[in-house]
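Listed below are the residues making up each chain.
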Amino acid sequence: MKRKPFGVTRDGRTVEEIVLGNGKIQCSLLTYGASLRGLVVPGATGPVDIALGFDSMEAYEAQDKFMGAVVGRYANRIAGGRFTLNGQNYTLTRNDGENHLHGGPTGFFSKVWKVDFCGEKSVTFSCEAENMEEGYPGRLSVSVTYQLEDSELRLSYRAAADQATICNLTNHAYFNLNGHDAGGAMEQLLTLYASRYVPVKPGSIPTGEIALVEGTPMDFRTPTIIGARIDQPFRQLELCSGYDHNWIIDGASGAMRPAAMLESARSGIRMEVKTTLPGIQFYAGNYMANCPVGKGGAKYGRRDAVCLETQFFPDTPNHPEFPQCVLRPGEVWEHETVLRFSYAD
């Protein structure tokens, strides 16, 4: 484990970098956004850094991609920046056109998190959001633990509040199994263990429908090249300039189960995603243009990486038919996501 200064934010907050390793996997983490900055895993021809990131605080503060960060208090979008809880109407900051996205402009991605524990193979970060911060009710205390176990990286989320609120946390890492600096990621294979998804309307807000993937370009139940159908004339793809949707993971929400598998023929790396959360947002990097220069001078462009964000569904507070994410006093919001790596010899 290495712990060292990384930089200073515009407003003078000091940011640290923590590097964990267990002999098989190495990950680099920042206190800024509790962000995953790098993830080195074994490939068929040697170690590969598969997570996109930046070399300076200037780049992290300039980018608008939520690169590698833990996002909240509510990941994804809330329509019109409004929701009702216990009969009370709440108005959130709008930072995605008319909608609220990833906790707002000062969400968890831009906080400098505390380090509660730091060991050779794990680190626990924590932060707090005040009552009515970005418009959300209740003081919310959050922690996330990154832990290396053999060939796995485990993310454990925990949150508690002093009054009823909503909570939906995820990690917004960008992955390219060919290497963070390898360019286009669309030839990689993806499996999503999901027979249903959540269609959206303009603005990427759910219509409220739950649709079957069968017979559509949204069907990833068997390994499929990501780019094979991404530009087909299918309305859902046209609305989002490609894949940027929530799939409903098969099996019981709350139980640890497979959500996705990403595979690269070039590096031989396989990344299995398991989670206790009900959904997974698969984002194909459609809006990655205009990224700052990445690690080591890498250029990150459109569709050069993908995100697999385990989470509750978008706009859940406005859709009582979706699994709900209300957190009440005395309760604990607790979920886990595991990334497991292997490679073909």
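Look above for the structure.
Enquirer: I tried to follow the overall build of the chain on my own but got confused; where do I start?
Expert: Within the chain, the secondary structure is distributed over two helices and 29 strands. For the chain, the C-alpha radius of gyration of 19 Å lies close to 20 Å, the compact-globule estimate for 345 residues. Counting every position in the chain, which comprises 345 residues, the buried fraction comes to 61%. With an accessible surface of roughly 13,200 Å², the chain has 48% of that area assigned to carbon and sulfur atoms. Seen as two clouds, the 33 positive and the 39 negative side-chain charges of the chain have centres 1 Å apart.

Enquirer: Would you explain the environment of Glu98 in this entry?
Expert: Examined against the element boundaries, Glu98 turns out to sit in the loop between strand 9 (88-91) and strand 10 (100-101). Spatially, the C-alpha atom of Glu98 lies 7.4 Å from that of Ala79, the residues being 19 residues apart in sequence. Leave out the neighbours within four places in its chain, and Glu98 touches Gly80 and Gly81. At 2.7 Å, the side chain of Glu98 forms a polar contact with the side chain of Arg94.

Enquirer: Is there a simple way to explain unusual backbone geometry in this structure?
Expert: Negative phi is the rule for most residues except glycine; trans is the rule for most peptide bonds. Gly72 connects to Arg73 through a cis peptide bond whose omega is 15 degrees. Within the fold, Arg73 resides in the loop between strand 6 (70-71) and strand 7 (77-78). Positive phi outside glycine occurs at His102, with the angle close to 50 degrees. Its location among the elements puts His102 in the loop between strand 10 and strand 11 (114-118).

Enquirer: Explain the sheet that holds strand 21 (residues 211-212) to me, please; I cannot follow it from the model alone.
Expert: With respect to topology, five strands assemble into an open sheet ordered 21-18-23-26-27, the strand pairing being antiparallel. Two strands lie at the open edges of the sheet, namely strand 21 and strand 27 (307-311), each paired on one side alone. As paired strands, strand 23 (residues 244-248) and strand 26 (residues 279-283) are joined by five bridges and run antiparallel to one another. Bridging from a neighbouring strand, Trp247 pairs with Ile280 of strand 26.

Enquirer: Help me out: how do you make sense of the sheet that holds strand 5 (residues 46-49) in this one?
Expert: In a beta sheet, neighbouring strands pair by backbone hydrogen bonds and run either parallel or antiparallel. Pairing within the open sheet is antiparallel, and its five strands lie in the order 1-2-3-4-5. Two strands lie at the open edges of the sheet, namely strand 1 (2-8) and strand 5, each paired on one side alone. In this sheet, adjacent strand axes meet at a mean angle of 20 degrees when their direction is disregarded.

Enquirer: In this structure, what is going on with the pairing of strand 12 (residues 122-129)? I would like to understand it.
Expert: Each regular strand carries side chains that alternate between the two faces of the sheet. Here strand 12 lies mainly inside the structure; seven of its eight residues are buried. Remark: three residues form the turn of the hairpin made by strand 11 and strand 12, two consecutive strands paired antiparallel. Looking at chain direction, strand 12 and strand 13 (residues 140-149) are connected through eight bridges and run antiparallel. Note that in strand 13 the partner of Val123 across the bridge is Tyr146.

Enquirer: Explain the nonpolar core here, please?
Expert: Generally speaking, a soluble globular protein has its nonpolar side chains buried in company with each other. With 78 residues, the main nonpolar core has Leu39, Trp247 and Phe282 as its most contacted residues. Not counting chain neighbours up to four residues away, the residues in contact with Phe282 comprise Leu190, Leu192, Phe220, Ile226, Tyr243, Asp244, His245, Trp247, Val306, Cys307 and Leu308.

Enquirer: Whenever I open this one, the state of the cysteines confuses me. Can you help?
Expert: Disulfides are covalent bonds that connect the sulfur atoms of two cysteines. Evaluation of the coordinates by the stated rule reveals zero disulfides. Counting only cysteine sulfurs, Cys118 is the nearest neighbor of Cys27, a cysteine outside any disulfide, at a range of 10 Å. Using a relative accessible area of 1% as the deciding quantity, one classes Cys27 as buried. Here Cys127 is not disulfide-linked; the sulfur of Cys167 is the nearest cysteine sulfur, at 10 Å. Using a relative accessible area of 9% as the deciding quantity, one classes Cys127 as buried.

Enquirer: Help me understand the side chain of Glu134, please; the structure alone is not making it clear to me.
Expert: The residue Glu134 is located in the loop between strand 12 and strand 13 in this model. Among buried charged residues, Glu134 stands out as having no salt bridge; its nearest opposite-charge side chain is Lys111, 8.2 Å away. A polar atom in the side chain of Glu134 sits 2.4 Å from the side chain of Thr93. Sequence-distant contacts of Glu134, defined by excluding residues within four places in its chain, comprise Thr91, Leu92, Thr93, His100, Gly103, Gly104, Pro105, Thr106 and Gly107.

Enquirer: What exactly am I supposed to notice about the packing of aromatic side chains here?
Expert: The full count for this structure, using the stated rule, is 19 aromatic pairs. Taken together, the aromatic side chains of Phe6, Tyr32, Phe54, Tyr60 and Tyr300 make up a single cluster linked through ring pairs. If you follow Arg229 out to its NZ or CZ, it ends over the ring of Phe220, 5.3 Å from the centre.

Enquirer: Looking at this structure, how should I read the environment of Glu149?
Expert: Mapped onto the elements, Glu149 comes out in strand 13. Apart from residues no more than four positions distant in its own chain, Glu149 is found in contact with Asn22 and Arg154. A distance of 3.3 Å separates the side chain of Glu149 from the side chain of Gln147, its partner in a polar contact. Here Arg154 takes part through its side chain, which lies 3.5 Å from a polar atom of the side chain of Glu149.

Conventions and cut-offs
Residues numbered from 1 in each chain as written. Predicted model: local features only at pLDDT ≥ 70, side-chain atom pairs only at ≥ 80, totals over all residues. Heavy atoms only, no water. Helix = DSSP H or I, 4+ residues; strand = E, 2+ residues; numbered from the N terminus. Rg over C-alpha atoms; globule rule 2.2 N^0.38 Å. Buried < 20%, exposed > 50% of the residue type's maximum accessible area, 1.4 Å probe, protein only. Areas by Shrake-Rupley, 256 points an atom, 1.4 Å probe, with all protein chains shown as cover. Lys, Arg positive; Asp, Glu negative; His and termini not counted. Charge placed at Lys NZ, Arg CZ, Asp CG, Glu CD. Contact = heavy atoms within 4.5 Å. Polar contact = N/O pair within 3.5 Å; in protein donor to acceptor, adjacent residues only side chain to side chain. Pairing = 2+ DSSP bridges. Axes fitted to C-alpha atoms, helices over the stretch in contact; angles between N-to-C directions. Core = buried A, V, L, I, M, F, W, Y, C linked by side-chain atoms within 4.5 Å. Disulfide = S-S within 2.5 Å. Salt bridge = Lys/Arg side-chain N within 4 Å of Asp/Glu carboxyl O. Phe/Tyr/Trp six-rings, centres within 6.5 Å; stacked < 30°, edge-to-face > 60°. Lys NZ or Arg CZ within 6 Å of the ring centre and 35° of its normal.

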